[in-house]
Amino acid sequence: MGVLEKIKEIEEEMARTQKNKATEYHLGLLKAKLARYRAQLLEPTSKGGKPGEGFDVMKSGDARVALIGFPSVGKSTFLSKMTRTASAVAAYEFTTLTAIPGVIDYQGARIQLLDLPGIVEGASQGRGRGRQVVSVAKTADLIIMMLDATKSHEQRRLLEVELEAVGIRLNRAKPDVVFKQKSGGGIVINATVKLTKIDEKAVRTVLSGYKIHNCDVMIREDITIDEFIDVLIGNRKYIPCLYVYNKVDSISLERVEQLAQEDHSVVISCEMGLNLDYLLEQMWEELGLVKIYTKKRGTHPDLHDPICLRRGATIEHVCHGIHRSLASKFRYALVWGKSSKFNPHAQKVGLGHAVADEDVVSILQSRAVRRGYG
């Protein structure tokens, strides 16, 4: 029996099984098996391929955004509108057959935008190049799920199911669970919070399904059994997602208002260029980028070419953004801006200092190598 047949058999058994207190451990074991088989399905079947069959695109710029959606929802038109890249546009489905990259220049950042081929139902099992599409999506810092505003919500649900099946978790944080395997000593489970969605027996049932008999588990939040399975598998990707409803010029104002009120949703019209500026703002917010300006000693800061980093970045990240070797020659840095304790005056800081958006940073190197920045 192949992997696909095993997955189908488990899904049918789960559908037949009533959900109650008596069956929750059996369902937990089935979920663990299903997750394991799905992980096997995503493993490459061969090491090589024919020349010219490459699908992924080298990651570049300050962030990567992937466009995911069914065929003919406007992804190629969106890429052409937002970047200087021409992507094939036509009235028929499957116009785009490979990943097409473009670059958005926004607030000093270079954001790579990938137009991926339209995926079909069953993509997570390999239909319609779906496996390659979702594997590229895993490398993105943000997913834009392009949806047709003239169609039902079923399109969104189907796409979420496909992404969920390949281990992409949309708009969710990684569960706060520490899992560590060991060579002996049995299973030790501790929780720092009250668990209402899972108990120790369920945790042990899942662990036995993965043939894990010696490990330490520390649970720091009230998780579900599915989230615990995600922790065990360890290859899940937690990616922010914007649900972008295109073609809103073809629906009623009441429907537009309804869609716009949904969480993580933006309504646009690529053909008429409606609301694209607001979408850019939301992309910037979801990516969590901050702009850092550099300043050489005795000069004004360079406000035209910022270093774009992720929210929570430190002076060490700034050093790497300027040059890889700079951190090893670092003495101290002067910071002006929101992160300075003495704002608007400078603060003398070390490599671990967290920077804020639009900070100005001057880096001082050791005397033997002091030149350039410093």
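The shown structure was predicted, so the numbers you read here are calculated from the model rather than taken from an experiment.

A.B. asks: Break down the overall build of the chain for me, with residues and values.
C.D. replies: Secondary structure summary: the chain contains 10 helices and 16 strands in total. Expressed as a percentage of the 374 residues in the chain, the buried residues total 45%. Residue pairs in contact within the chain that sit at least 24 positions apart in sequence constitute 65% of those at least 6 positions apart.

A.B. asks: Just give me the short version of the nonpolar core, but keep the residues and values in it.
C.D. replies: Within the largest apolar cluster, 60 residues are counted, with the highest numbers of intra-cluster contacts made by Phe78, Leu116, Ile268 and Met283. Sequence-distant contacts of methionine 283, defined by excluding residues within four places in its chain, comprise Val65, Ile104, Leu142, Ile144 and Leu242. Formed by 22 residues, the second largest nonpolar core is a distinct cluster that contains Ile189, Tyr210, Ile225 and Val231.

A.B. asks: How would you sum up the layout of surface pockets? Please name residues and give values.
C.D. replies: By volume, the second largest pocket amounts to about 470 Å³. Residue lining of the second largest pocket: 17 residues in total, with Leu34, Arg38, Glu164, Arg169 and Asp226 positioned closest to the centre. Those elements that provide at least two residues to the lining of the second largest pocket are α1 (3-16), α2 (24-42), α5 (154-165) and α7 (225-233). Residue composition of the lining of the second largest pocket, by class: 7 nonpolar, no polar and 10 charged. Split by domain, the lining of the second largest pocket shows at least three residues from each of two domains, domain 1 (3-44 + 175-233) and domain 2 (63-87 + 95-172 + 237-286).

A.B. asks: With reference to specific residues and values, describe the sheet that holds strand β15 (residues 347-349).
C.D. replies: Taking strand neighbours across the sheet as the criterion, the 5 strands line up as β13-β12-β16-β14-β15 in an open arrangement whose pairing is mixed. For this open sheet the edge positions go to β13 (307-310) and β15, each flanked by a neighbour on one side alone. Across this sheet, the average inter-strand angle for adjacent strands is 35°, counted without regard to direction. Direction of pairing for strand β14 (residues 330-336) relative to strand β16 (residues 359-365): antiparallel, over a ladder of 6 bridges.

About the cut-offs
- Residues numbered from 1 in each chain as written.
- Predicted model: local features only at pLDDT ≥ 70, side-chain atom pairs only at ≥ 80, totals over all residues.
- Heavy atoms only, no water.
- Helix = DSSP H or I, 4+ residues; strand = E, 2+ residues; numbered from the N terminus.
- Buried < 20%, exposed > 50% of the residue type's maximum accessible area, 1.4 Å probe, protein only.
- Contact = heavy atoms within 4.5 Å.
- Core = buried A, V, L, I, M, F, W, Y, C linked by side-chain atoms within 4.5 Å.
- 1 Å grid on protein atoms, 1.4 Å probe; cavity = no way out; pocket = protein on both sides within 12 Å on 5 of 7 lines; lining within 4 Å.
- Points joined across faces, edges and corners; volume = space filled by probe spheres on them.
- Nonpolar A, V, L, I, M, F, W, Y, C, P; charged D, E, K, R; others polar.
- Domains from an automatic or database assignment.
- Pairing = 2+ DSSP bridges.
- Axes fitted to C-alpha atoms, helices over the stretch in contact; angles between N-to-C directions.

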